[in-house]
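# Examining the three-dimensional arrangement
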Amino acid sequence: MKPTPLLKKIWNGIYAVQNVVNSFLLLATVTIVVTQVFLRYVLKAPLMGIEEILLFPAIWLYMLGGANASWERTHIECGVLTIYIKRPLTMNIFKLIKAILSVGIGCWLLKWAYWYMTYGLRVQKTSAVLHIPMIIGQSAIFIGLLLMIVYAVVELLDYATALFSKETDDEKGKEGLQC
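Structure report, in brief. The numbers attached to residues start from 1 for each chain and follow its sequence in the written order. In keeping with the predicted nature of the model, local features appear solely for residues at pLDDT of at least 70, side-chain atom pairs appear and are counted solely at 80 or more, and the whole-chain, interface and lining totals rest on all residues. No hydrogens and no water enter the side-chain calculation; it runs on all heavy atoms of the structure.

### Quick look at the side chain of Asn92
Here Asn92 is to be found in helix α4 (residues 88-123). Dropping the residues within four chain positions of it, Asn92 is found in contact with Ala162 and Leu163. Secondary structure counts use DSSP, requiring at least four H or I residues in a row for a helix and at least two E residues in a row for a strand, with both numbered from the N terminus. In this analysis, two residues are considered to be in contact whenever any of their non-hydrogen atoms come within 4.5 Å of each other.

### So, the packing of helix α1 (residues 5-42) against helix α5 (residues 135-164)
Axes here refer to lines fitted to C-alpha atoms; in helices the fit is confined to the stretch in contact. Angles between the N-to-C directions go from 0 to 180 degrees. Following both chains from N to C, one finds α1 and α5 inclined at 145 degrees, their axes separated by 13 Å at the closest point. The two elements α1 and α5 cross, and the hand of that crossing is left-handed. Counted together, Trp11, Ile14 and Gln18 of α1 and Leu147, Val150, Tyr151 and Val154 of α5 form the full contact between these two elements. Under the scheme applied, nonpolar residues are Ala, Val, Leu, Ile, Met, Phe, Trp, Tyr, Cys and Pro; charged residues are Asp, Glu, Lys and Arg; polar residues are all the others, including Gly. A per-class count over the contact of α1 with α5 returns 6 nonpolar, 1 polar and no charged. The handedness criterion is simple: a crossing whose near helix is rotated anticlockwise from the far helix by less than a right angle is left-handed, and one whose near helix is rotated clockwise is right-handed.

### Some thoughts on the environment of Val153
Its place among the elements puts Val153 in helix α5. Expressed as a C-alpha distance, the spacing of Val153 and Gly104, which sit 49 residues apart in the sequence, is 9.8 Å.

### Examining the packing of aromatic side chains
Within 6.5 Å between ring centres, the rings of Phe, Tyr and Trp (the latter by its six-membered ring) count as paired, and their orientation is classed by plane angle as stacked under 30 degrees, edge-to-face over 60, tilted in between. Tallied over the full model, the rule gives 6 aromatic pairs. Summarising the aromatic geometry, the rings of Trp11 and Tyr151 are spaced 5.2 Å apart at their centres and angled 85 degrees between planes, so their arrangement reads as edge-to-face. With Trp11 in helix α1 and Tyr151 in helix α5, the pair connects residues that are 140 residues apart, well separated along the chain. The exposure class assigned to Trp11 is partly exposed, which follows from its relative accessible area of 24%. Three or more aromatic residues joined by ring pairs make a cluster, and in this case those are Trp11, Tyr15, Trp71 and Tyr151. The criterion is that NZ of a Lys, or CZ of an Arg, lies within 6 Å of the ring centre and within 35 degrees of the ring normal, and then a charge sits over that ring. Arg73 extends its terminal NZ or CZ atom over the ring of Tyr159, reaching a point 5.7 Å from the ring centre. Three exposure classes are used, based on accessible area relative to the maximum for each residue type with a 1.4 Å probe and protein chains only: buried under 20%, partly exposed in between, and exposed over 50%.

### With respect to the nonpolar core
Definition of nonpolar core: a set of buried residues of the types Ala, Val, Leu, Ile, Met, Phe, Trp, Tyr and Cys, connected through side-chain atoms within 4.5 Å. Grouped together as the largest cluster of nonpolar side chains are 14 residues, with contacts concentrated most on Trp60, Leu64, Leu110, Phe142, Leu145 and Leu147. Sort the elements by how many residues they give to this core and α5 lands first, with 6 residues. Those residues within four positions of Leu64 in sequence are excluded, and the remaining contacts are Gln18, Val21, Asn22, Leu25 and Leu147. One finds Leu96, Val103, Ala152 and Leu156 within the second-largest nonpolar core, a separate group that totals 8 residues.

### Some thoughts on helix α2 (residues 50-72)
Here α2 spans 33 Å end to end across 23 residues, near enough to the 33 Å set by a 1.5 Å rise per residue. Among the residues of α2, Ile50, Glu52, Phe56, Pro57, Trp60, Met63, Leu64, Ala67, Asn68, Ala69 and Ser70 are the ones counted as buried. Elements that come into contact with the buried residues of α2 comprise α1 and α5. Within two residues after α2, Arg73 carries a phi angle of roughly 60 degrees, on the positive side. Any helix carries an expected span of 1.5 Å times its number of residues minus one.

### A closer look at α1
Two residues of an α-helix separated by three or four positions point the same way, owing to the 3.6 residues in each turn. Compared with an ideal rise of 1.5 Å per residue, which puts 38 residues at 56 Å, α1 spans 54 Å between its outermost C-alpha atoms and is within 8% of the ideal. Taken as a whole, α1 has its buried residues at Tyr15, Gln18, Asn22, Leu25, Thr29, Ile32, Gln36 and Leu39. Buried residues along α1 sit against α2 and α5. With its phi angle positive at about 55 degrees, Lys44 sits one or two positions after the end of α1.

Here it is in structure tokens:
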């Protein structure tokens, strides 16, 4: 099943927005750190609460960075079993099981992230010095995990399609050689 052009455009648009937000957050994080270093070590006048401000773009950057890795399928993984798996069918089954586990664990974590976010909305906790609403950081966990799960589901569907398609990669290669 091939995605429609509209679906592909939406899919790539989400990723593009995510990259713009990540770029902005990275720039904000670097700017905040450089500002504090300049104020503290050059002017000898540190700005109180700047570390607290830094917390929020850092959380968002971390969670959206994880979502980017999920979209790009560049997760950090320990591929010990992939060294020993030689058959393409076995590798496809292994990838499918890995994707199922990723979706399952992600959904379990998303449940807890949702609970944490709703708790933050209910309690309306703020940061200690600047009284920034903590929901800004708490929502990053929920949104980041939600994006990771969406991308993991797409990965799962891709692996399932590859496993259950009539043509394996080896057969495609043989056809290419015969033509």
